[in-house]
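# Notes for the structure review
Chain residues, written in single-letter form:
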Amino acid sequence: MNLLDRPPSKNYRNRSFIEKKESNNIFNLMVFVYIYSLGMFLADLIITRRLMFVLAEVAIMTLAMGLVFYIWYKGKMDLAISITGLYGVLFTLIIFFEQISMRFYMQLMVVLIITIIGYRKGYQYALTFLVIGPLVLMRAWLDMDMHYFVFVIASLLFTSYILYNFKQGFTSEIEAAIALKHVQETDVLTGLPNRRHFENNLRHRMGNNATRIALIDLDHFKSVNDTYGHPVGDEVLIQFSELLAKYVSKDTTAYRWGGEEFLLVSHLERQALLEKLEGLRAETQDTTFIQGIRLTISMGISDIPKTPNQIQDGFIRADRALYEAKNSGRNTLKYIFVD
């Protein structure tokens, strides 16, 4: 199976915009942990001069992080960050019993960084601090040297403050990016998602199920603009989009496709979708818009199989069906389904 044919949550390329932003942060964190670990192994080599032992450590670490990266790529981001944090905790437990106290405290900082930047679940915070807290107190007691204890407390406070503010800034950046994306992907006039939204979230929206699309065109809409002016035409588009929104559900999404053309993307079964669209057609015909304007709509419906590379073919069929609806007198729907 081609990677592009998999569900959107299964690999990085098919994730939504927000998932990619979050995923990039986790990826950078895992890279940081890996590079830091290599630095610790290099320090081992300098101190112990045991080349084969250090190479074995590097090999095991590389295999482990390779597994974590694979889990991340498959879309299981929570699991990837949990394993990375667990590695940090276990590494801290191992070096806790070494003679070099400073190395223990350095590793502690890494675990804190993992926790503050990467973790998103309450139980992950609790697990980390329940393990690290007693270890810090025990190590400081075993060292019997107050300057270590002061160093730990000061480092905890300073690191937590810096990373908290860093995370706040990062969160603000993400929120600003999401807000900008929302503006770019929302039709200003009707408030519906626009064509860019559909294209940017194409595979995420299509999912792993057969998808049906309906191109909807307002009949003779040009005459509305010519007769009443564009402000009235805009108001008609707004009123129609409000009517169209009534037919949106968790299985069906509406888009402003351009001009007087709209798009419905649905995972409903064929017959259920046709009944819904017939209801939309009838309600539009019976609706009185601004200035007493009466409108009808024509629709072309088709479906897209599970493979995303057939999306273009689906739109070609829907457009052909819309053309047939226009030629047959308008105020109707035509469909071309793939057997």
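Each remark here, short or long, concerns the structure printed above.
This report concerns the structure included in the present document. (Residues numbered from 1 in each chain as written. Predicted model: local features only at pLDDT ≥ 70, side-chain atom pairs only at ≥ 80, totals over all residues. Heavy atoms only, no water.)

Mapped onto the elements, Leu 38 comes out in helix 1 (residues 17–48). In this structure, the C-alpha to C-alpha distance between Leu 38 and Val 54, residues 16 residues apart in sequence, is 9.6 Å. (Helix = DSSP H or I, 4+ residues; strand = E, 2+ residues; numbered from the N terminus.)

Below, the discussion takes up a nonpolar patch on the surface. A surface patch of nonpolar side chains, amounting to about 330 Å² of accessible area, comprises Leu 51, Met 52 and Leu 55. Here Leu 51 is to be found in helix 2 (residues 51–73). (Patch = residues over 30% accessible without salt bridge, like charges linked within 9 Å, V, L, I, M, F, W, Y side chains within 5 Å. Areas by Shrake-Rupley, 256 points an atom, 1.4 Å probe, with all protein chains shown as cover. Salt bridge = Lys/Arg side-chain N within 4 Å of Asp/Glu carboxyl O.)

What follows is about the side chain of Thr 252. As for its position among the elements, Thr 252 is in strand 2 (residues 252–258). Separated by 3.0 Å, the side chains of Thr 252 and Ser 266 make a polar contact. (Polar contact = N/O pair within 3.5 Å; in protein donor to acceptor, adjacent residues only side chain to side chain.)

Bringing the packing of helix 9 (residues 221–228) against helix 10 (residues 230–245) into the picture now. Running from N to C, helix 9 and helix 10 cross one another at 140°; their axes reach a closest spacing of 7 Å. Between helix 9 and helix 10, the interaxial angle falls into the category oblique. For the pair helix 9 and helix 10, the contacting residues are Phe 221, Val 224, Asn 225 and Tyr 228 in the first and His 230, Val 232, Gly 233, Val 236 and Leu 237 in the second. A class-by-class count of the residues in the contact of helix 9 with helix 10 yields 6 nonpolar, 3 polar and no charged. (Axes fitted to C-alpha atoms, helices over the stretch in contact; angles between N-to-C directions. Parallel < 35°, antiparallel > 145°, perpendicular 65-115°, else oblique. Contact = heavy atoms within 4.5 Å. Nonpolar A, V, L, I, M, F, W, Y, C, P; charged D, E, K, R; others polar.)

Right, let's talk about the environment of Arg 196 for a bit. Counting through the fold element by element, Arg 196 comes out in helix 7 (residues 195–200). Arg 196 sits in the partly exposed class, given a relative accessible area of 43%. On a C-alpha basis, the gap between Arg 196 and Arg 256 in space is 10.0 Å, while along the polypeptide they are 60 residues apart. Contact partners of Arg 196, with chain neighbours within four places excluded, come to Gln 184 and Glu 185. (Buried < 20%, exposed > 50% of the residue type's maximum accessible area, 1.4 Å probe, protein only.)

In short, geometric facts, not functional conclusions.
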